[in-house]
Amino acid sequence: GETLGFVGDGIVNNAQAFGYSIYVRKGFFLDRPKLAHELVHVRQIEDTSFQSVTIQHMLDLALHGYENSRIENEAFQANRKYALHAE
């Protein structure tokens, strides 16, 4: 996980989707854009499977890094979309 940039010093996983559940770190505010990001991950898992998304994400992390992961890029689009429409 450290090699892929998924865990380690300075890396904080504030929210994580596992199937239809979204786990949020205590004290982290899951605002509308961040919730949209996690809901994209829920849909990605629903469209394929948790196993498929996990394998794809690990491959993307190894090949492209977190910021360039296809799975994350789709979710980052939701962050931007809902940040523009925040109340």
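Structure first, text after, so check above.
Basis of the calculations
- Residues numbered from 1 in each chain as written.
- Predicted model: local features only at pLDDT ≥ 70, side-chain atom pairs only at ≥ 80, totals over all residues.
- Heavy atoms only, no water.
- Phe/Tyr/Trp six-rings, centres within 6.5 Å; stacked < 30°, edge-to-face > 60°.
- Helix = DSSP H or I, 4+ residues; strand = E, 2+ residues; numbered from the N terminus.
- Buried < 20%, exposed > 50% of the residue type's maximum accessible area, 1.4 Å probe, protein only.
- Axes fitted to C-alpha atoms, helices over the stretch in contact; angles between N-to-C directions.
- Parallel < 35°, antiparallel > 145°, perpendicular 65-115°, else oblique.
- Contact = heavy atoms within 4.5 Å.

## Digging into the packing of aromatic side chains
And then number 1: Taken as a whole and assessed by the stated rule, the structure comprises three aromatic pairs.
And then number 2: Measuring from ring centre to ring centre gives 5.8 Å for Phe 18 and Tyr 23, while their planes differ by 70°; the resulting arrangement is edge-to-face.
And then number 3: Judged by centre distance (5.8 Å) and plane angle (80°), the rings of Tyr 66 and Phe 76 are edge-to-face. With Tyr 66 in the loop between helix H2 (50-64) and helix H3 (70-84) and Phe 76 in helix H3, this pair connects stretches of sequence that are 10 residues apart.
And then number 4: Accessibility expressed as a relative area gives 17% for Phe 76, which makes it buried.
And then number 5: Among the aromatic residues, those joined into a ring-pair cluster are Phe 18, Tyr 23 and Phe 50.

## Here's the deal with the packing of H2 against H3
And then number 1: Two elements in contact, H2 and H3, have axes whose closest approach is 8 Å; the angle formed by their N-to-C orientations is 100°. Taken together, the axes of H2 and H3 are roughly perpendicular relative to one another. In this structure, H2 uses Val 53, Gln 56, His 57 and Asp 60 to contact H3, whose residues at the interface are Arg 70, Ile 71 and Glu 72.

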